[in-house]
Amino acid sequence: MPDTLLLTAGFSFRDAHICAVLDETLAMNANAAVFAFQFQTIAEEQPARGLALDRPNLSVYASDGAVISGVEGRWRPGDPPKNWDEIRASFWGKRGGGGENVFLLGDFTSFCRFCALSHSIDMVRPAPPTEPGQDTAPQEPAPVPLT
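So, here is what we can say about the structure in this document. (Residues numbered from 1 in each chain as written. Predicted model: local features only at pLDDT ≥ 70, side-chain atom pairs only at ≥ 80, totals over all residues. Heavy atoms only, no water.)

1. Here we look at the overall build of the protein chain
Across its full length, the protein chain holds four helices and nine strands. In sequence order, the secondary structure elements of the protein chain are arranged as β-α-β-α-β-β-β-α-β-β-α-β-β. Residues classed as buried in the protein chain amount to 26% of the 147 residues present. Sequence-distant contacts, at least 24 apart, represent 43% of the contacts inside the protein chain between residues at least 6 apart. Summed over its atoms, the accessible surface of the protein chain is roughly 10200 Å², and 58% of this surface lies on carbon and sulfur atoms. (Helix = DSSP H or I, 4+ residues; strand = E, 2+ residues; numbered from the N terminus. Buried < 20%, exposed > 50% of the residue type's maximum accessible area, 1.4 Å probe, protein only. Contact = heavy atoms within 4.5 Å. Areas by Shrake-Rupley, 256 points an atom, 1.4 Å probe, with all protein chains shown as cover.)

2. Thoughts on the layout of surface pockets
Estimated volume of the largest pocket: approximately 230 Å³. Every residue along the wall of the largest pocket is listed here: Glu86, Ile87, Ala89, Ser90, Leu104, Ser110, Arg113, Phe114, Leu117 and Ser118. Mapped onto the lining of the largest pocket, the elements with two or more residues apiece are helix H3 (85–89) and helix H4 (108–117). Among the elements that line the lining of the largest pocket, the one with the most residues is H4, at four residues. (1 Å grid on protein atoms, 1.4 Å probe; cavity = no way out; pocket = protein on both sides within 12 Å on 5 of 7 lines; lining within 4 Å. Points joined across faces, edges and corners; volume = space filled by probe spheres on them.)

3. Observations regarding the nonpolar core
Counting 15 residues, the largest nonpolar core has Phe13, Leu58 and Val60 as its most contacted members. Among the elements of the structure, helix H1 (16–28), strand S2 (33–37), helix H2 (46–54) and strand S3 (58–61) are those that each provide at least two residues to this core. Sequence-distant contacts of Phe13, defined by excluding residues within four places in its chain, comprise Thr8, Cys19, Leu22, Ala36, Gln38, Pro47, Ala48, Leu51 and Leu58. With seven residues, the next largest nonpolar core counts Tyr61, Ala66, Trp92 and Phe103 among its residues. (Core = buried A, V, L, I, M, F, W, Y, C linked by side-chain atoms within 4.5 Å.)

4. A word on the pattern of salt bridges
A complete count under the given rule lists three salt bridges for this structure. Arg49 is the salt-bridge partner of Glu72, the closest N and O atoms lying 2.9 Å from each other. Taken together, the residues Glu72 in strand S5 (residues 71–74) and Arg49 in helix H2 connect sequence positions 23 residues apart. Between Arg74 and Glu72 there is a salt bridge, with the nearest N and O atoms lying 3.7 Å from each other. Relative accessible area serves as the criterion here: at 30%, Glu72 is assigned to the partly exposed category. (Salt bridge = Lys/Arg side-chain N within 4 Å of Asp/Glu carboxyl O.)

5. Points about the pairing of strand S7 (residues 98–103)
Here four bridges tie strand S6 (residues 92–95) to S7, and the two strands are oriented antiparallel to one another. Paired with Arg95 across the two strands is Gly98, which belongs to S7. Connecting S6 to the antiparallel partner S7 that follows it, the hairpin turn spans two residues, and Gly96 within it adopts a positive phi of roughly 70°. (Pairing = 2+ DSSP bridges.)

Now the structure itself:
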């Protein structure tokens, strides 16, 4: 489908059949995209890295670097903007309490936690459908606070 985004976490990209479908789909549809969150280093994620270097609409985010729009690079985070320390800690830090800081979203637990923390308080729910005989003029959706 056009304008589709697929997020993967923990997929090894070693299944040739699935990778062939992804490759063909991304080649035929420049508006589709895949964001692959990988646990290991970019060098250890060779199947995903190789496909991402060929397909700019596949981005691979590994612990020490990424391939984004077909360009490979290493993470070099600078000083976070004001009040961003807590946000950065949700995707960047020490894994298992030791070692160097790494990109954490390739770890499925960290990815799920990040998604749970990323909810929007501005989400709106569409107005209910009208019953027959009622005015069918479009209505503004009512804001729904999320708690």
